[in-house]
Amino acid sequence: MCSSDLATAPPKTAAQMGTTLNNFVYFIMAMYGFFGVGMLSDAKVFFAAESPLCYFTVFDVSAEWFAKSSGTIIFFMLMSPFFAGVSYETLARISLPINLLQLPIFVQGAFFSTTTGPDGCTSPYAMPFNLWIPQVALGVAMLVWNVMALKEAGGISMVQAPKDGATYFCWATALVYAVTFGSTLMIAPKYFWGPDSIFCYWEVNDESGVFFGRILGILMCCVYLAPLYAGLEYAKLAKMAMPMNMLFLSYFVKAAFFMESIGPGHNALLPVNLWVLQIPIGTVFLLWNIKVLRETKSGALLF
């Protein structure tokens with residue numbers, strides 16, 4: 001079957017899928033859901049020095065912001081089968097590059113970072129070992145399981161979604177959040193957006209900030225570009241983006257007016273807080289998102 005046939009074929013239901021795919025999706029919903037909710041609510045409480053799950057002993061404001069944004073994408077990506085109609089197979093296809101790209105970052109945390117536990121962890125219940133080491137093993141297992149699940153479901157191949165009424169909105173979103181911010185965060189967040197950058201969003205960006213910045217970049221690229229490789233329908237991506245855009249706008253406002261250690265930095269190209277400029281961008285995307293969902297077959301904004 002050619003990729004165009006796959007793109008136009010109706011998505012398989014959970015009952016039609018094999019047990020490997022179902023079990024994989026159930027597991028990532030539980031495991032990544034736990035980490036996603038922790039990051040979405042308060043990553044510093046869940047994963048910093050005072051937590052029993054002490055992954056980082058130093059946690060700066062950029063790490064808190066990046067972690068909350070990452071948790072937002074993780075949560076709504078995992079919940080997308082329930083409110084956006086995303087099939088388990090499509091979710092597994094989106095998960096594959098995420099599992100692949102985040103593995104080297106886990107390795108860095110396990111063996112090359114200096115602000116990870118257990119040294120520096122203050123909780124009496126903290127684990128007596130670097131939690132990134134078992135995270136590496138878990139990441140390898142998840143990657144292998146992901147590959148096995150997709151092979152059972154129909155093979156590992158790139159599937160491009162057909163155009164629909166949400167296509168241009170999704171392309172614009174991908175251009176800003178995946179191509180511009182996502183790729184640069186994935187490559188070198190401190191260089192592009194840190195204290196020495198001409199586009200300084202953060203005056204501090206330590207190891208935790210770089211880590212969560214890279215995770216956010218991976219998630220942005222893999223989710224917003226999913227119609228081009230995972231067959232995610234543009235209308236369904238627009239439906240997924242709706243709650244994310246609502247929360248992202250609030251995060252932009254918080255960074256613009258209520259957070260410390262943000263730009264402009266000493267090398268800033270513009271002598272302004274770039275988060276203030278991010279607010280109208282977020283507002284435009286939110287209003288466009290609402291318009292697209294009203295005009296497409298997605299109908300209701302959420303369910």
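Reading the values: rules and limits
- Residues numbered from 1 in each chain as written.
- Predicted model: local features only at pLDDT ≥ 70, side-chain atom pairs only at ≥ 80, totals over all residues.
- Heavy atoms only, no water.
- Helix = DSSP H or I, 4+ residues; strand = E, 2+ residues; numbered from the N terminus.
- Buried < 20%, exposed > 50% of the residue type's maximum accessible area, 1.4 Å probe, protein only.
- 1 Å grid on protein atoms, 1.4 Å probe; cavity = no way out; pocket = protein on both sides within 12 Å on 5 of 7 lines; lining within 4 Å.
- Points joined across faces, edges and corners; volume = space filled by probe spheres on them.
- Nonpolar A, V, L, I, M, F, W, Y, C, P; charged D, E, K, R; others polar.
- Disulfide = S-S within 2.5 Å.
- pLDDT = per-residue confidence, 0-100.
- Contact = heavy atoms within 4.5 Å.
- Axes fitted to C-alpha atoms, helices over the stretch in contact; angles between N-to-C directions.
- Left-handed = near helix turned anticlockwise from the far one by under 90°.
- Parallel < 35°, antiparallel > 145°, perpendicular 65-115°, else oblique.

1. Focus: the environment of Ile-281
At step 1: On the secondary structure map, Ile-281 appears in helix H12 (residues 274-295).
At step 2: A relative accessible area of 33% places Ile-281 in the partly exposed class.
At step 3: In this structure the C-alpha to C-alpha distance between Ile-281 and Val-176, which are 105 residues apart in sequence, comes to 9.4 Å.

2. Observations regarding empty space enclosed by the protein
At step 1: Per the counting criterion, the structure on display carries 2 cavities of 30 Å³ or more.
At step 2: When its volume is computed, the largest cavity comes out at roughly 330 Å³.
At step 3: Around the largest cavity, the lining comprises 20 residues; the ones closest to its centre are Phe-35, Met-39, Ile-74, Gln-102 and Phe-106.
At step 4: Those elements that place two or more of their residues in the lining of the largest cavity are helix H2 (19-47), helix H3 (61-78), helix H5 (88-111), helix H6 (132-153) and helix H9 (207-224).
At step 5: Per-class residue counts for the lining of the largest cavity are 16 nonpolar, 4 polar and no charged.

3. Side note on the state of the cysteines
At step 1: Counted by the stated rule, this structure contains 1 disulfide.
At step 2: At a sulfur-sulfur separation of 2.1 Å, the disulfide partner of Cys-54 is Cys-121. Judged by the torsion about the S-S bond (-80°), the Cys-54/Cys-121 disulfide is left-handed. Of this pair, Cys-54 sits in the loop between H2 and H3 while Cys-121 sits in the loop between H5 and H6, and the two are 67 residues apart along the sequence.
At step 3: Unpaired in this structure, Cys-221 has its nearest cysteine sulfur neighbour in Cys-222, at a distance of 6.6 Å.
At step 4: Note on Cys-222: relative accessible area 3%, which makes it buried.

4. With respect to the confidence of the model for the protein chain
At step 1: When pLDDT is averaged along the protein chain, the result is 92, and 92% of the positions lie at 70 or above.
At step 2: Across residues 1-9, where pLDDT falls below 50, the model places 8 contacts with residues more than four positions away in sequence or in other chains.

5. Here we look at the packing of H2 against H3
At step 1: Relative orientation of the contacting elements H2 and H3 amounts to 145°, with a least axis distance of 7 Å. As H2 runs across H3, the sense of the crossing is left-handed. Residues Ile-28, Met-29, Tyr-32, Gly-33, Gly-36, Val-37, Met-39, Leu-40, Ser-41, Ala-43 and Lys-44 of H2 form the contact with H3, whose own contacting residues are Glu-64, Ala-67, Lys-68, Ser-70, Gly-71, Thr-72, Ile-74, Phe-75 and Leu-78.
At step 2: Broken down by class, the residue content of the contact of H2 with H3 amounts to 11 nonpolar, 6 polar and 3 charged.

6. Topic: the environment of Glu-260
At step 1: Structurally, Glu-260 is set in the loop between helix H11 (234-257) and H12.
At step 2: Since its relative accessible area comes to 66%, Glu-260 is described here as exposed.
At step 3: Sequence separation between Glu-260 and Val-204 is 56 residues; the distance between their C-alpha atoms is 9.6 Å.

7. Here's the deal with the packing of helix H7 (residues 167-187) against H12
At step 1: At a minimum axis distance of 10 Å, the contact between H7 and H12 shows a crossing angle of 150°. Judged on the interaxial angle alone, H12 and H7 are roughly antiparallel. Between H7 and H12 the crossing geometry is left-handed. For the pair formed by H7 and H12, the contact residues are Tyr-168, Phe-169, Ala-172, Thr-173, Val-176, Tyr-177 and Phe-181 on the first element and Gln-278, Gly-282, Phe-285, Trp-288, Asn-289 and Val-292 on the second.
At step 2: The residue makeup of the contact of H7 with H12, split by class, is 9 nonpolar, 4 polar and no charged.

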